[in-house]
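One-letter residues, chain by chain:
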Amino acid sequence: GLMSQLKGLHLFENNFMGSFPTEVGSLSLLSFMRVNGNEFAGALPTELANLRQLSELWLDQNLFSGTIPSEFGLFPRLQDLSLTGNRLSGIIPNE
């Protein structure tokens, strides 16, 4: 579909709630995603690691909890990662 060509996703400060949709992991051309300032909750989806083109990932100021998935160390182009203001624990994985 048309969404498969998406390169940027800006959903910040919309008061979205619930689990973050794992389907976003299929947007393989996505290079930046800003979903900060919502009320997404639960674990960070490991499917996000499928976004190999990501250079910017803002997940801050949500209600994510648990540990940061080890798959988050696999982003080859990631330059800007923001996870502040969540309920996450553990370390940010290396490559």
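Definitions and limits used
Residues numbered from 1 in each chain as written. Predicted model: local features only at pLDDT ≥ 70, side-chain atom pairs only at ≥ 80, totals over all residues. Heavy atoms only, no water. Pairing = 2+ DSSP bridges. Helix = DSSP H or I, 4+ residues; strand = E, 2+ residues; numbered from the N terminus. Axes fitted to C-alpha atoms, helices over the stretch in contact; angles between N-to-C directions. Phe/Tyr/Trp six-rings, centres within 6.5 Å; stacked < 30°, edge-to-face > 60°. Buried < 20%, exposed > 50% of the residue type's maximum accessible area, 1.4 Å probe, protein only.

Turning our eyes to something else, we now look at the sheet that holds strand β8 (residues 87-89). By way of backbone hydrogen bonds, the strands of a sheet pair with one another, either parallel or antiparallel. With parallel pairing, the four strands of this open sheet are ordered in space as β2-β4-β6-β8. Bordering the open sheet on either side are β2 (17-19) and β8, each of which pairs with just one other strand. Pairs of neighbouring strands in the sheet enclose a mean axial angle of 25 degrees, with direction left out of account. With two bridges joining them, strand β4 (residues 39-42) and strand β6 (residues 63-67) adopt parallel strand pairing. Bridge assignment links Ala41 to a residue of β6, and that residue is Leu63.

Once that is clear, we can look at the sheet that holds strand β3 (residues 32-34). Read across the open sheet, the four strands follow the order β1-β3-β5-β7; overall the sheet is parallel. Every other strand in the sheet has two partners, leaving β1 (8-10) and β7 (80-82) as the edge strands with one partner each. Going from strand to strand, the sheet's axes swing by 10 degrees on average, the running direction of each strand aside. With three bridges connecting them, strand β5 (residues 56-58) and β7 associate as parallel partners. Among the inter-strand pairings, Leu57 is bridged to a residue of β7, identified as Leu81.

Let's shift gears to the packing of aromatic side chains. Per the counting criterion, the structure on display carries five aromatic pairs. Judged by centre distance (6.0 Å) and plane angle (25 degrees), the rings of Phe16 and Phe40 are stacked. Placement of the pair is Phe16 in the loop between β1 and β2 and Phe40 in strand β4, with a sequence separation of 24 residues. Where Phe20 meets Phe40, the ring centres are 4.9 Å apart and the plane angle is 80 degrees; that geometry is what we call edge-to-face. Separated by 20 residues along the polypeptide, Phe20 in the loop between β2 and β3 and Phe40 in strand β4 bring together distant segments of the chain. Residue Phe20 is classed as buried on the basis of its relative accessible area, which comes to 5%. The class for Phe40 is buried, based on a relative accessible area of 5%. An aromatic cluster is built from Phe16, Phe20, Phe40 and Phe64, whose rings are joined through pairwise contacts.

Note that all results are geometric; they support no functional claim without further evidence.
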